[in-house]
Amino acid sequence: MCGIVGYIGKKQAGPILLDGLSRLEYRGYDSAGIAVRGKRGVEVVKSKGRLALLVEKTDGGKSLDGTVGIGHTRWATHGVPNETNAHPHCSADKNVTVVHNGILENYRELRQKLAANGYKFYSETDTEVIVNLIDYYYKKYKAGPVDAIARFMQRARGAYAIAVMFRKYAGAIYVARKDSPMIVGVAEGEAYVASDVPAILKHTRTVYYIDNLEMACLTRKGVSFYNADREPIDKEAVTVEMDASAADKEEWQHFMIKEIHEQPRAVRNTFDRYVQDGKVDFSEAELTEEDLRCKHIVITACGSAYHVGIVLQYVIERIARVPVRVELASEFRYRDFLFEPDTLVVAISQSGETADTLAAVREAKAHGVKTLAVVNVQGSSIAREADRTVFTVAGPEIAVATTKAYSAQLVVGYLLALELARVHGAVDGTEYTRLLSEVASVPDKIAAILSDISSYQRFAAEHVNMHDVFMIGRGIDYAACMEGSLKLKEVSYVHTEAYAAGELKHGTISLIEKGTVVIGILTQSGVYEKTASNLEEVKSRGASVVGITFEGHALGSEIASACWTVPVIDERFAASLLVVPLQLVSYYMSVQLGLDVDKPRNLAKSVTVE
Ligand code: G6P
């Protein structure tokens, strides 16, 4: 969370910083600020609210003079979102200016230490402690910026990516990171720093990934890297291949709807990357048959990626007969997990930077357990730290509410299930080929759902005042409900709950009253009638029922006021199709309500704090 950018070169820094921040707004958007170093020293401009306000205030960055600067878009952790707490932060004498992404956990203790040394604080942020601590070490030891930052790193607990300007070093920006993402880009006579590649893609494709506890010094002549012992280190530049236009909204009204429509491509590209000649091939990820011979799988993730895990638990157990547990990464990391021998931990993450998922990977590795990451962002922390990484090929996802990454993750999971089934002898060749061709049909079937969106638009228009929705189903249908419910909450702020259909009557059914909307999903043949009975139960208590099922299996009008159908597919892969109507309803509901679809309140896409 929080996005940081920095630029040093020959061009005016302000517009470049603001453009970079506009591509990082998905990381946080409650306030923003830039600091540019001009002839009169460092000038800082901040504003509460969306970046557009800062753009207006600085005439698109042109009102600030100077060719060196740093910028920040914030998702508040310490201190309410206001101008005072917004970054950049400066030491009282403007000796040090900092932007920061992450959380300094021991900031209270460090703040006391600094206060005892005469430092005064104007904000409620942990970042101001970082600024002053670096200033303190810089002045105390008089050994220059790298030394001061290294001393800060020795004392800091928590996660951070920081970009720092020192008054005396007019031609340099210093950066450091631990557990928060940061990349450095270079071009002729200039250097960039950013939380993520799309922020600098229009300027350069030559990128360095800074590792944990490393520092860098950016100048117009190039970039030098240092380890935590302040020793210079060599790093290899990587050429980024990402398509810059993928991060543009093009003709679409919002990124979310663009990305919903990109799902067939995201799924197909992911499938094509790992399927060759009618067989799944994970050799690129160095995933071996020995890895797949594991006896237990633990899937760990957060948010929608966790919901992918819930689907895959059903899919892998049913197809490969390998036991699967799914754990929220935030719980897994602290629960002193009892690992069975021969366990493979699968960490799923779009960004590859989610703090809890990264910590879960480290926890597993610390126990000597093999880890497989399913990640969308090349070079991300989880991708680099896991033993094996399979990449989803969804392209950059900008809307805070994930759609195409979720769909691409499911497909990787299906292919993994097939490979596990093959290695464990749970399917024969014919069944393997049949299942693979079913997975191959997902993109066209998603496209078919997307070709007629009128029912979802109509539903949103007719239910604009609804305030409680229950989504119920069993097995994979229930797993799809979990994701659908999260989507609706995230972008429309409508209260929804996903419930296992059989569990509703153990308490929650008391909330059903006349007009409560209940969306029931029924694709799993073994439990279709059971869920249908549960829908009858809520209907007889006044609920307004909507069904989602396969074509040819629609619920009658005596139960459901509407029934949406998706193309028939092997029911174990149904979640890939079921989620699409729920994404569309969530999107159109948000539009109807006039909300900021791509940047819902209080959220951030990349959650790099616990
Ligand atoms: C945030 C996003 C969710 C996402 C979750 C996990 O909460 O808003 O859409 O599912 O983080 O993110 P990851 O990058 O690890 O998939």
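Residues numbered from 1 in each chain as written. Predicted model: local features only at pLDDT ≥ 70, side-chain atom pairs only at ≥ 80, totals over all residues. Heavy atoms only, no water.

The assigned domain composition of the chain is domain 1 (3-241), domain 2 (248-449) and domain 3 (452-596). Of the residues lining the interface, 35 residues belong to domain 2; the matching set on domain 3 comes to 33 residues. The junction of domain 2 with domain 3 conceals about 3000 Å² of combined surface from both sides, 67% of it contributed by carbon and sulfur atoms. At the boundary of domain 2 and domain 3, one finds 3 salt bridges. A salt bridge links E431 to R572; the shortest N-O distance between them is 3.7 Å. Inspection of the domain 2/domain 3 interface yields 14 residue pairs in polar contact (both at pLDDT 80 or more). Across the side of domain 2 that touches domain 3, the residue classes tally to 20 nonpolar, 10 polar and 5 charged. (Domains from an automatic or database assignment. Contact = heavy atoms within 4.5 Å. Buried area = accessible area lost by both parts, 1.4 Å probe. Salt bridge = Lys/Arg side-chain N within 4 Å of Asp/Glu carboxyl O. Polar contact = N/O pair within 3.5 Å; in protein donor to acceptor, adjacent residues only side chain to side chain. Nonpolar A, V, L, I, M, F, W, Y, C, P; charged D, E, K, R; others polar.)

Once that is clear, we can look at the packing of helix α13 (residues 404-423) against helix α19 (residues 575-592). Two numbers describe how α13 lies on α19: the axes approach to 10 Å, and their chain directions differ by 170 degrees. Classified by the interaxial angle, the pair formed by α13 and α19 is roughly antiparallel. Contact residues: α13 offers Y406, S407, L410 and Y414, while α19 offers A575, S576, V579 and Q583. Residue classes in the contact of α13 with α19 are distributed as 5 nonpolar, 3 polar and no charged. (Axes fitted to C-alpha atoms, helices over the stretch in contact; angles between N-to-C directions. Helix = DSSP H or I, 4+ residues; strand = E, 2+ residues; numbered from the N terminus. Parallel < 35°, antiparallel > 145°, perpendicular 65-115°, else oblique.)

Turning our eyes to something else, we now look at unusual backbone geometry. In the segment running from H87 into P88, the intervening peptide bond is cis, with an omega of 0 degrees. Structurally, P88 can be placed in the loop between β4 (68-74) and β5 (89-90). For D59, which is not a glycine, the phi torsion comes out positive at approximately 50 degrees. Within the fold, D59 resides in the loop between α2 (51-57) and β4. With phi around 50 degrees, K142 is a residue other than glycine that occupies positive phi space.

Turning to the packing of aromatic side chains, a few remarks are in order. Going through the model one piece at a time under the given rule, you end up with 18 aromatic pairs. Their ring planes at 90 degrees and their centres at 5.5 Å tell us that F166 and Y174 sit as a pair that is edge-to-face. Like F166, the residue Y174 is buried in the burial classification. Centre to centre, the rings of Y274 and F282 are 5.4 Å apart; their planes meet at 50 degrees, and the pair counts as tilted. Here Y274 and F282 have matching classes, each one buried. An aromatic cluster is built from Y119, Y136, Y137 and Y141, whose rings are joined through pairwise contacts. Between the NZ or CZ atom of R151 and the centre of the ring of Y141, over which it lies, the distance is 3.5 Å. (Phe/Tyr/Trp six-rings, centres within 6.5 Å; stacked < 30°, edge-to-face > 60°. Buried < 20%, exposed > 50% of the residue type's maximum accessible area, 1.4 Å probe, protein only. Lys NZ or Arg CZ within 6 Å of the ring centre and 35° of its normal.)

Strand direction decides the pairing type here: strand β18 (residues 296-301) and strand β19 (residues 324-328), joined by 5 bridges, are parallel. Opposite I299, over in β19, you have V326 as the bridge partner. Note that the unit made of β18, helix α9 (residues 303-320) and β19 has a crossover that is right-handed. (Pairing = 2+ DSSP bridges. Right-handed = clockwise from strand over helix to strand, strands pointing away.)

Turning next to the nonpolar core. The biggest cluster of nonpolar side chains holds 108 residues, and the ones touching the most others in it are I316 and L415. With 12 residues, α13 is the largest single contributor of residues to this core. Each of two domains, domain 2 (248-449) and domain 3 (452-596), supplies a minimum of three residues to this core. Formed by 33 residues, the second largest nonpolar core is a distinct cluster that contains Y119, M153, I162 and M215. (Core = buried A, V, L, I, M, F, W, Y, C linked by side-chain atoms within 4.5 Å.)

Here we come to the site of the ligand. Around the ligand, 14 residues are found, and the nearest of them are S304, S349, Q350, S351 and T354. Residue S349 places a side-chain N or O atom 2.6 Å away from an oxygen atom belonging to the ligand. One nitrogen or oxygen atom from the side chain of S351 is found 2.6 Å from an oxygen atom belonging to the ligand. Relative to its unbound accessible surface of 390 Å², the ligand loses 89% to contact with the protein. With respect to the detected pockets, the ligand is housed in the second largest pocket. (Near = heavy atom within 4 Å. Areas by Shrake-Rupley, 256 points an atom, 1.4 Å probe, with all protein chains shown as cover. 1 Å grid on protein atoms, 1.4 Å probe; cavity = no way out; pocket = protein on both sides within 12 Å on 5 of 7 lines; lining within 4 Å. Sits in = over half its atoms within 2 Å of the grid points.)

Roughly 960 Å³ of volume is contained in the largest pocket. Forming the walls of the largest pocket are 44 residues, and the residues nearest its centre are M242, N376, V377, Q378 and P396. Of all the elements in the fold, those that place two or more residues in the lining of the largest pocket are β15 (238-239), α7 (263-274) and α12 (381-385). Class assignment of the residues belonging to the lining of the largest pocket gives a composition of 17 nonpolar, 13 polar and 14 charged. Residues lining the lining of the largest pocket come from more than one domain, with at least three contributed by each of domain 1 (3-241) and domain 2 (248-449). Here the second largest pocket defines a volume of roughly 620 Å³. Along the walls of the second largest pocket sit 29 residues, with C302, G303, S304, K605 and V607 positioned nearest its centre. Residue assignment for the lining of the second largest pocket shows that the elements contributing at least two residues are α9, β20 (343-349), α11 (355-366), α13 and α17 (476-492). Take the lining of the second largest pocket: its biggest share by element is 5 residues, from α9. Here the lining of the second largest pocket is built from residues that sort into 14 nonpolar, 12 polar and 3 charged. (Points joined across faces, edges and corners; volume = space filled by probe spheres on them.)

Taking 1.5 Å per residue, 12 residues should reach 16 Å; α11 reaches 16 Å between its end C-alpha atoms and fits that length. Counting buried positions over the 12 residues of α11 gives 9, a clear majority of the element. Within α11, the full set of buried residues consists of A355, D356, T357, L358, A359, A360, V361, E363 and A364. Against β18, α10 (329-332), β20, β21 (370-375) and α12 lie the buried residues of α11. (Expected span 1.5 Å × (residues − 1).)

It is worth spelling out helix α1 (residues 13-22) at this point. Most of α1 is tucked away, with 8 of its 10 residues classed as buried. Buried within α1 are the following residues: A13, G14, I16, L17, L18, D19, G20 and L21. Where α1 is buried, its residues contact β1 (3-8), β2 (31-38), α2, β4 and β10 (190-194).

As summarised here, the arrangement of the 5 strands in space is β24-β23-β25-β26-β27, forming an open sheet in which the pairing is parallel. Strands with a single pairing partner mark the edges of an open sheet, and in this sheet they are β24 (495-500) and β27 (562-566). Taking each pair of neighbouring strands and ignoring which way they run, the sheet shows an average axis angle of 20 degrees. Strand direction decides the pairing type here: strand β23 (residues 468-473) and β24, joined by 6 bridges, are parallel. Within β24, the residue paired with M471 across the bridge is A498. Running over the sheet, α17 touches β23, β24 and β25 (517-522) and is turned about 170 degrees from β24. Sitting on the sheet, α19 touches β23, β25, β26 (544-550) and β27, and the angle it makes with β27 is about 130 degrees.

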